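Residues per chain, in single letters:
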Amino acid sequence: MADKKIKEIYGCDNNKTRGDTLADWYNEIIEKTEAELTIFDVFRCIRQNIFIESAVVVLLSYLQNDVFAGDMYEGEGIENLSRLGDKYLLPYITTVDEILIKAGKDSTDHEWLCQEDKEDFDEYIKQLSDKISRMKK
């Protein structure tokens with residue numbers, strides 16, 4: 001991950017709006033390096049469709065350490081990854097494949113709070129696997 005701050009990577013300036021939660025977060029995040037991004041930051045970047053390239057790099061790092069990584073619930077990382085466009089995943093197909101293999105194995109042995117959570121997680125794995133398979137063709 002780059003040592004440059006997000007604002008240096010993307011050439012952006014502070015948002016002049018004050019007192020707005022999203023603007024305040026934006027001003028904070030652009031002062032961070034990729035290594036300083038939290039899982040919350042990553043998911044918010046994806047939701048706001050900003051700094052996606054950096055968010056993907058950091059999300060993959062989180063998922064390599066914990067396939068169940070999430071901010072609000074287990075599996076949120078895999079879900080977010082499955083919703084990203086092909087252009088963001090294409091450079092990382094090998095890494096995503098490795099994460100999918102581990103996620104599939106770990107899902108079986110994981111102590112889920114309920115069966116529905118496991119089924120949702122397994123569905124995100126399937127969606128992402130299908131997307132990666134299609135991209136390889």
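Here is what the cut-offs are and how they apply
Note on numbering: residues in each chain are counted from 1, in written sequence order. In view of the model being predicted, local features appear only for residues whose pLDDT reaches at least 70, and side-chain atom pairs are presented and counted only at 80 or more, with totals across whole chains, interfaces and linings using the full set of residues. Side-chain descriptors were evaluated using all non-hydrogen atoms of the structure, hydrogens and water having been removed beforehand. Categorising residues by exposure relies on relative accessible area from a 1.4 Å probe, with only protein chains included: less than 20% of the type maximum marks a residue as buried, more than 50% marks it as exposed, and the intermediate range marks it as partly exposed. Each helix is a run of H or I in the DSSP string that is no shorter than four residues. Each strand is a run of E no shorter than two, and both are numbered from the N terminus. Residue contacts follow a heavy-atom distance rule, with two residues in contact if any of their heavy atoms lie within 4.5 Å. Confidence scores per residue from the predictor, reported as pLDDT, run from 0 to 100. The angle between two axes is taken between their N-to-C directions and runs from 0 to 180 degrees, where each axis is a line fitted to C-alpha atoms and a helix contributes only its stretch in contact. Any angle that falls under 35 degrees is termed roughly parallel, while one over 145 is termed roughly antiparallel, one within 65 to 115 roughly perpendicular, and all others oblique. Rotating anticlockwise by less than a right angle from the far helix to the near helix defines a left-handed crossing, while the corresponding clockwise rotation defines a right-handed one. Residue type decides the class: Asp, Glu, Lys and Arg count as charged, Ala, Val, Leu, Ile, Met, Phe, Trp, Tyr, Cys and Pro as nonpolar, and the leftover types, Gly among them, as polar. For this document, the term salt bridge refers to a Lys or Arg side-chain nitrogen within 4 Å of an Asp or Glu carboxyl oxygen.

### Describing helix H5 (residues 76-83)
Buried residues dominate H5, accounting for 7 of its 8 residues. Looking at H5, one finds that the buried residues are Glu-76, Gly-77, Ile-78, Glu-79, Asn-80, Leu-81 and Ser-82. Among the structural elements, helix H3 (39-48), helix H4 (52-65), helix H6 (86-89), helix H7 (93-109) and helix H8 (115-136) are those in contact with the buried residues of H5.

### Describing the environment of Asn-14
The topology assignment puts Asn-14 in the loop between helix H1 (6-10) and helix H2 (21-29). Classification of Asn-14 as partly exposed rests on a relative accessible area of 31%. Setting aside its immediate chain neighbours within four residues, Asn-14 contacts Tyr-26, Asn-27, Ile-30 and Glu-31.

### Quick word on the confidence of the model for the chain
Looking at the chain as a whole, its pLDDT mean stands at 93, while 99% of the residues score no less than 70. Mean pLDDT per element in the chain: H2 is the minimum at 92, and H4 is the maximum at 97.

### Focus: the packing of H2 against H3
One can describe the packing of H2 onto H3 by two numbers: an axis separation of 12 Å at closest approach and a directional angle of 120°. When the interaxial angle is binned, H2 and H3 end up oblique. The interaxial crossing formed by H2 with H3 has left-handed handedness. On H3, the residues touching Thr-21, Leu-22, Trp-25 and Ile-29 of H2 are Phe-40, Asp-41, Arg-44, Cys-45 and Gln-48. Its residues placed into classes, the contact of H2 with H3 shows 5 nonpolar, 2 polar and 2 charged.

### Quick word on the packing of H5 against H8
Running from N to C, H5 and H8 point in directions that differ by 30°, and their axes come no closer than 9 Å. By the angle class used here, H5 and H8 are roughly parallel. The hand of the H5/H8 crossing is left-handed. Here H5 contributes Ile-78, Glu-79, Leu-81, Ser-82 and Arg-83 to the contact with H8, which in turn contributes Phe-121, Tyr-124, Ile-125, Gln-127, Leu-128 and Lys-131. A class-by-class count of the residues in the contact of H5 with H8 yields 6 nonpolar, 2 polar and 3 charged.

### Remarks on the environment of Val-96
With respect to the helices and strands, the residue Val-96 is situated in helix H7. Non-local contacts of Val-96, meaning those with residues more than four positions away in its chain, are made with Leu-60, Leu-81, Leu-89, Leu-128 and Ile-132.

### Section: the pattern of salt bridges
Taken as a whole and assessed by the stated rule, the structure comprises 9 salt bridges. The shortest N-O distance in the salt bridge between Glu-31 and Lys-5 comes to 3.2 Å. Separated by 26 residues along the polypeptide, Glu-31 in the loop between H2 and H3 and Lys-5 in the segment before H1 bring together distant segments of the chain. The class for Glu-31 is partly exposed, based on a relative accessible area of 29%. Owing to a relative accessible area of 32%, Lys-5 belongs among the partly exposed residues under this scheme. Residue Asp-86 pairs with Arg-134 through a salt bridge whose shortest N-O separation is 2.7 Å. One end of the pair, Asp-86, is in helix H6; the other, Arg-134, is in helix H8, with 48 residues separating them in the sequence.

### Thoughts on unusual backbone geometry
Although it is not a glycine, Asn-49 sits at a positive phi angle of roughly 55°. Following the sequence through the fold, Asn-49 ends up in the loop between H3 and H4.

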